[in-house]
Amino acid sequence: MAVLRVRRAVLALALTGLWLVPAVPAGWADEVRGNQRQVLRTLDLADAWRVSKGAGVLVAVLDSGVDPVHRDLAGSVTEGRDFTVGANPRGVAPSRLHGTYMASLIAGHGHGPGGGSGVIGVAPKARILSVRVILEDEEPGFRTFNTAERFENVVAKGIRYAVDHGADVINMSISKELATREERAAVRYAISRGVVLVAAAGNEGAGRPEATGYAPYSYPAAFPGVVSVAAADRRLRRASFSNWNPSVLVAAPGVDILGAGPGNEYWIGRGTSQATALVSGVAALIKAKYPKMSPALVAQALTKGATRRPSGGYDTGMGFGVVNAPRALAEAARISRHTLTADGDDVHDPALPMGAAAEPVQVVRRDRRGIALNGGAAVAAALCATACLVTAGLAVRRARTAPAAPEGDGG
């Protein structure tokens, strides 16, 4: 599946390629879990699960929809609002491929005895809230959705909906080229309610850099306060397609990642989408253990706990490094009693978008008497200094022009 590029909202599934794996027979189910082994080891999930499995956390998946009856997700999915209604012709059901895939990476619980078969997610005891905010390119209403003005702010609406319905983490494995004021305000609203937002850095990194010298910025990932995720390859270096720019905070595996698809199928693909879902899962582990932790502190735990840190500590391709679940939980434990809150008027007003220009400072009272007194004192001081300089100059001149004393006759 290619990256989707459209005109108005420029929404895209942050996914560069998918290969369908046929529905796995019962006797072959171990191969699905085995295919996940490298990712599970990279994130060190066996150690993290001794501390948290995400119980009690609700992760909103803003995407193309989630299949609630897939055997690896059954019982964990709540179907929320579909903000794309009216784009597809009446009677056309959503395909829900990408959204199901992402949800399984976050909260898949497997199936069979002990959940030992199928896809296991990073936070297998977390719950999923499916919020449909995008169509996939094979859906008949795709063009309508991406050109009609009424769908322009579906992401902003989806964020607010997720917050109002109890989401602790919002996963956005989607990208768009342009930001809107409504999206900025929705991000601020979510953060003001303590919700962690995680989004894909985008998949245009293989192309030529822009005039800035970086790969394109992707929204909502590039909004302040959103955890922007890059994709790492199997060697845990920046994947060739992954965007690099100063918005990138952390990276996670994003190449040859296996996940669930609608109808009990399984998919393998690569992209910043998958990396984003994995990081959302780690954020869910943290929020389950420390539910009152602010989004800024969760981001700090993710960055501080990262491994494979770039030389110098940060670069625009991999951010602060590859997310590691137990290390992030350990850092969360260390800072869990702290707060990180901005001070000042209106900083917590969710109606105000982040990044707005500051208003000019206005003079509300002018003390004319004080200005006159201070001005007079300054003039007097200047005159006094001038007089002193003139006096000193005259004294130096006299010393230079005085006649020399007569020499004595000697003895």
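Use the structure listed above.
Residues numbered from 1 in each chain as written. Predicted model: local features only at pLDDT ≥ 70, side-chain atom pairs only at ≥ 80, totals over all residues. Heavy atoms only, no water.

**Student:** Teacher, can you tell me more about empty space enclosed by the protein here?
**Tutor:** Rolled over the atoms, a probe sized like a water molecule indicates the empty space that remains. The tally for this structure, following the rule as stated, stands at 1 cavity of 30 Å³ or more. The computed volume of the largest cavity comes to approximately 70 Å³. Q36, V39, L105, I257 and L258 are the residues nearest the centre of the largest cavity, which is lined by 13 residues in total. Listed by contribution, the elements that provide at least two residues to the lining of the largest cavity are α2 (37–42) and β13 (257–261). (1 Å grid on protein atoms, 1.4 Å probe; cavity = no way out; pocket = protein on both sides within 12 Å on 5 of 7 lines; lining within 4 Å. Points joined across faces, edges and corners; volume = space filled by probe spheres on them. Helix = DSSP H or I, 4+ residues; strand = E, 2+ residues; numbered from the N terminus.)

**Student:** Got a minute to help me understand the pattern of salt bridges in this structure?
**Tutor:** It is possible for side chains of opposite charge to pair when their charged atoms get near one another. The full count for this structure, using the stated rule, is 7 salt bridges. One salt bridge connects E139 with R132, and the closest N-O pair in it is separated by 2.8 Å. For the pair E139 and R132, one class covers both residues: buried. Ionic pairing is found between D256 and R234, a salt bridge with its closest N-O pair at 3.3 Å. In this pair, D256 is assigned in the loop between β12 (248–253) and β13 and R234 in the loop between β11 (227–232) and β12, connecting sequence segments 22 residues apart. Within the structure, one salt-bridge network assembled from shared partners comprises D82, R132 and E139. (Salt bridge = Lys/Arg side-chain N within 4 Å of Asp/Glu carboxyl O. Buried < 20%, exposed > 50% of the residue type's maximum accessible area, 1.4 Å probe, protein only.)

**Student:** Looking at this model, I keep getting lost on the packing of aromatic side chains. Mind explaining?
**Tutor:** When we look at a pair of aromatic rings, we describe it by the centre distance and by the angle of the planes. For the coordinates displayed, the defined rule picks out 4 aromatic pairs. Between the aromatic rings of F145 and F151, the centroid separation amounts to 5.3 Å while the plane-to-plane angle is 40°, which identifies the pairing as tilted. Sitting over the ring of Y189, R160 keeps its end group 4.8 Å from the ring centre. (Phe/Tyr/Trp six-rings, centres within 6.5 Å; stacked < 30°, edge-to-face > 60°. Lys NZ or Arg CZ within 6 Å of the ring centre and 35° of its normal.)

**Student:** Is there a simple way to think about the nonpolar core in this case?
**Tutor:** The tendency in soluble globular proteins is for nonpolar side chains to be buried as a group. Counting 59 residues, the largest nonpolar core has I128, V227, V279, I286 and L302 as the members making the most contacts within it. When residues no more than four places from it in sequence are discounted, the contact partners of I128 are L58, V59, V61, V66, S76, V77, T78, A103, I106 and A107. L129, L135, A167 and Y189 belong to the second-largest nonpolar core, a separate cluster that totals 37 residues. (Core = buried A, V, L, I, M, F, W, Y, C linked by side-chain atoms within 4.5 Å. Contact = heavy atoms within 4.5 Å.)

**Student:** Would you take a moment to explain the sheet that holds strand β10 (residues 196–200) for this structure?
**Tutor:** Taken in spatial order, the 7 strands make up an open sheet running β4-β7-β3-β8-β10-β11-β12, and their pairing is parallel. Taken across any chain shown, the strands that pair with only one partner, and hence form the sheet edges, are β4 (77–82) and β12. Between one strand and the next, the sheet's axes are offset by a mean angle of 25°, whatever the strand orientation. Bridging between β11 and β12 involves 5 bridges; their strand directions are parallel. Paired with A230 across the two strands is A251, which belongs to β12. (Pairing = 2+ DSSP bridges. Axes fitted to C-alpha atoms, helices over the stretch in contact; angles between N-to-C directions.)

**Student:** So what exactly am I meant to see when it comes to the environment of A251 here?
**Tutor:** Counting through the fold element by element, A251 comes out in strand β12. As a C-alpha pair, A251 and A200 span 51 residues in sequence and 9.9 Å in three-dimensional space.

**Student:** What should I look at first to understand the packing of helix α6 (residues 154–164) against helix α7 (residues 181–192) in this one?
**Tutor:** To describe two helices that pack against each other, one gives the angle between their axes and the distance between the axes. Running from N to C, α6 and α7 point in directions that differ by 15°, and their axes come no closer than 8 Å. Compared by their axis directions, α6 and α7 come out roughly parallel. For the element pair α6 and α7, the recorded crossing hand is left-handed. Taken together, the residues of α7 that come into contact with α6 (itself represented by V155, A156, I159, R160, V163 and D164) are E182, E183, A185, A186, V187, Y189 and A190. Partitioning the contact of α6 with α7 into residue classes produces 9 nonpolar, no polar and 4 charged. (Parallel < 35°, antiparallel > 145°, perpendicular 65-115°, else oblique. Left-handed = near helix turned anticlockwise from the far one by under 90°. Nonpolar A, V, L, I, M, F, W, Y, C, P; charged D, E, K, R; others polar.)

**Student:** So what exactly am I meant to see when it comes to the layout of surface pockets here?
**Tutor:** Taken as a whole, the second largest pocket encloses approximately 160 Å³ of empty space. Surrounding the second largest pocket, 15 residues form its lining, F223, P224, G225, V226 and V227 being those nearest its centre. Contributions of two or more residues to the lining of the second largest pocket are made by β11 and α9 (295–304). Broken down by element, the residue count for the lining of the second largest pocket peaks at 3 residues, all from α9.

**Student:** What's the story with the pairing of strand β7 (residues 127–132) in this structure? I'm lost.
**Tutor:** The side chains of a regular strand alternate, residue by residue, between the two faces of the sheet. Of all 6 residues making up β7, 5 are buried, and the element is well covered by its neighbours. Here 6 bridges tie strand β3 (residues 58–63) to β7, and the two strands are oriented parallel to one another. Bridging across to β7, L58 finds its partner in R127. Looking at chain direction, β4 and β7 are connected through 4 bridges and run parallel. Its bridge partner lying in β7, D82 is registered against R132.

**Student:** Whenever I open this one, α7 confuses me. Can you help?
**Tutor:** Within an α-helix, residues lying three or four positions from one another point in the same direction, as the helix has 3.6 residues per turn. Taking 1.5 Å per residue, 12 residues should reach 16 Å; α7 reaches 16 Å between its end C-alpha atoms and fits that length. Listing the buried residues of α7 in full gives E183, A185, A186, V187, R188, Y189 and A190. Where α7 is buried, its residues contact α6 and β10. Two residues or fewer past α7, G194 is found with a positive phi of approximately 80°. (Expected span 1.5 Å × (residues − 1).)

**Student:** It is not clear to me how the packing of helix α8 (residues 272–289) against α9 should be interpreted in this structure. Could you clarify?
**Tutor:** Where α8 meets α9, the closest approach of the two axes is 10 Å, and the angle between their N-to-C directions is 115°. When the axes of α8 and α9 are compared, the crossing they make is right-handed. Mapping the contact onto sequence places V279, V282, A283, I286 and K287 in α8 and V298, A301 and L302 in α9. Its residues assigned to classes, the contact of α8 with α9 comprises 7 nonpolar, no polar and 1 charged.

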